[in-house]
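Structure at a glance
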Amino acid sequence: MTYRNGLILLLGDGAAFVAALCTAAFLAHFISESWLERDFFGLSGPDMAQQVTLFVLLTAGGILFFAQKEHYHRRAPWWQQVEHVIAFCCMALLIEGFVNYALKTPVTRLWVGLSWVLAVPFLLIFRRAVREALAGTGHWEIPTILVGGCENAIETLYALKSETFLAYKTLYAVLPDANEKAIAEFKNIHPGIEIKSALGAT
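So, a few notes on the structure that sits alongside this text. These numbers were taken from a predicted model, which means no experiment stands behind them. Throughout, residues of each chain are indexed from 1 in the direction in which the sequence is written. With the structure being a predicted model, the display of local features is reserved for residues of pLDDT at least 70 and the display and counting of side-chain atom pairs for 80 or more, all residues being used for whole-chain, interface and lining totals. By convention in this description, side-chain values take in all heavy atoms of the structure and omit both hydrogens and water.

1. Here's the deal with the packing of helix 3 (residues 78-103) against helix 4 (residues 109-136)
- Where helices are involved, their axes are fitted lines through C-alpha atoms of the stretch in contact, as for all axes, and angles between N-to-C directions lie from 0 to 180°. Strands here mean DSSP runs of E at least two residues long; helices mean DSSP runs of H or I at least four residues long; both are numbered from the N terminus. Helix 4 packs onto helix 3 with a crossing angle of 155 degrees between their chain directions and a minimal axis gap of 9 Å. Considered as vectors, helix 3 and helix 4 are oriented roughly antiparallel to each other. Regarding helix 3 and helix 4, the two cross each other, and that crossing is right-handed. Every residue of helix 4 that contacts helix 3 at W78, Q81, V82, V85, I86, F88, C89, A92, L93, E96 and N100 is listed here: V112, G113, W116, A119, V120, L123, L124, R127 and R128.
- Class assignment of the residues belonging to the contact of helix 3 with helix 4 gives a composition of 14 nonpolar, three polar and three charged. By the definition adopted for this analysis, an angle is roughly parallel if under 35 degrees, roughly antiparallel if over 145, roughly perpendicular if from 65 to 115, and oblique otherwise. A crossing counts as left-handed when the near helix is turned anticlockwise from the far one by less than a right angle, and as right-handed when that turn is clockwise. In this description, contact between two residues means that some pair of their heavy atoms is separated by no more than 4.5 Å. Under the scheme applied, nonpolar residues are Ala, Val, Leu, Ile, Met, Phe, Trp, Tyr, Cys and Pro; charged residues are Asp, Glu, Lys and Arg; polar residues are all the others, including Gly.

2. Looking at helix 6 (residues 180-189)
- The rule is simple: take the accessible area with a 1.4 Å probe, protein chains only, and divide by the maximum for that residue type; under 20% is buried, over 50% is exposed, in between is partly exposed. Buried residues of helix 6: A182, I183 and F186, and no others. Looking down the long axis of helix 6, one finds its buried residues gathered within 100 degrees of arc, a one-sided arrangement. What points out from helix 6, more than 90 degrees from its buried face, is the exposed set E180, K181 and N188.
- Where helix 6 is buried, its residues touch helix 5 (150-162), strand 2 (168-174) and strand 3 (194-196). Summarising the geometry, the arc corresponds to the directions from the helix axis toward the C-beta atoms.

3. Points about the packing of aromatic side chains
- What counts as a ring pair is set by centres within 6.5 Å for rings of Phe, Tyr and Trp (its six-membered ring), and what kind of pair is set by the plane angle: stacked under 30 degrees, edge-to-face over 60, tilted for all other angles. For the coordinates displayed, the defined rule picks out nine aromatic pairs.
- Their ring planes at 65 degrees and their centres at 6.0 Å tell us that F17 and W116 sit as a pair that is edge-to-face. Placement of the pair is F17 in helix 1 (residues 3-35) and W116 in helix 4, with a sequence separation of 99 residues. Accessibility assignment for this pair places F17 and W116 in one class, buried.
- Ring pairs connect the aromatic residues F17, F55, F65, F66, F88 and W116, which therefore count as one cluster.
- Of note, R127 hangs over the ring of F66, and the distance from its end group to the ring centre comes to 4.8 Å.
- Whether a charge sits over a ring comes down to the Lys NZ or Arg CZ being within 6 Å of the ring centre and within 35 degrees of the ring normal. Geometry around W78 places R128 over its ring, the cationic atom sitting 4.5 Å from the centre.

Right, dumping it as structure tokens:
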């Protein structure tokens, strides 16, 4: 992954965290005041500053965690990213809850909980949006050349096509040991993939 793409993904994650915090504050305020008929603590004064500061610190920790998992340096499978996002948000929720309890901060627990619950879909949606934006400008696809046996190439193409987030674009396949029957089978299963260096076929 290029440095620019990684930086854009990182900024997208930052925006997703902020969007989750703001949306959670709005929802928690609405639910507390309208449905639960309770006062909403957290939108003013030192309590808000503490809440936002803690959230920012945890957000920075999340970005470092994702960077350590190489989300911004290499193409990770989509479900692996989902797993990492859920794991971090659960951990962040526990940490923030513990800190607020230890400091006896009168912040609405609903806001804290919604912030990290919403962070999961917001992060995934923003990542998809960034991916689609980069793909639309031609900066996401990875030109790929397959080299090897026919059966291995067929299975590899299945794997690459199943993980659309990675966006590998197969330019052609090199099947040096394939016979005419194997080549015909390959073209039947994966039409449109050019074959080179296989019994003179192109």
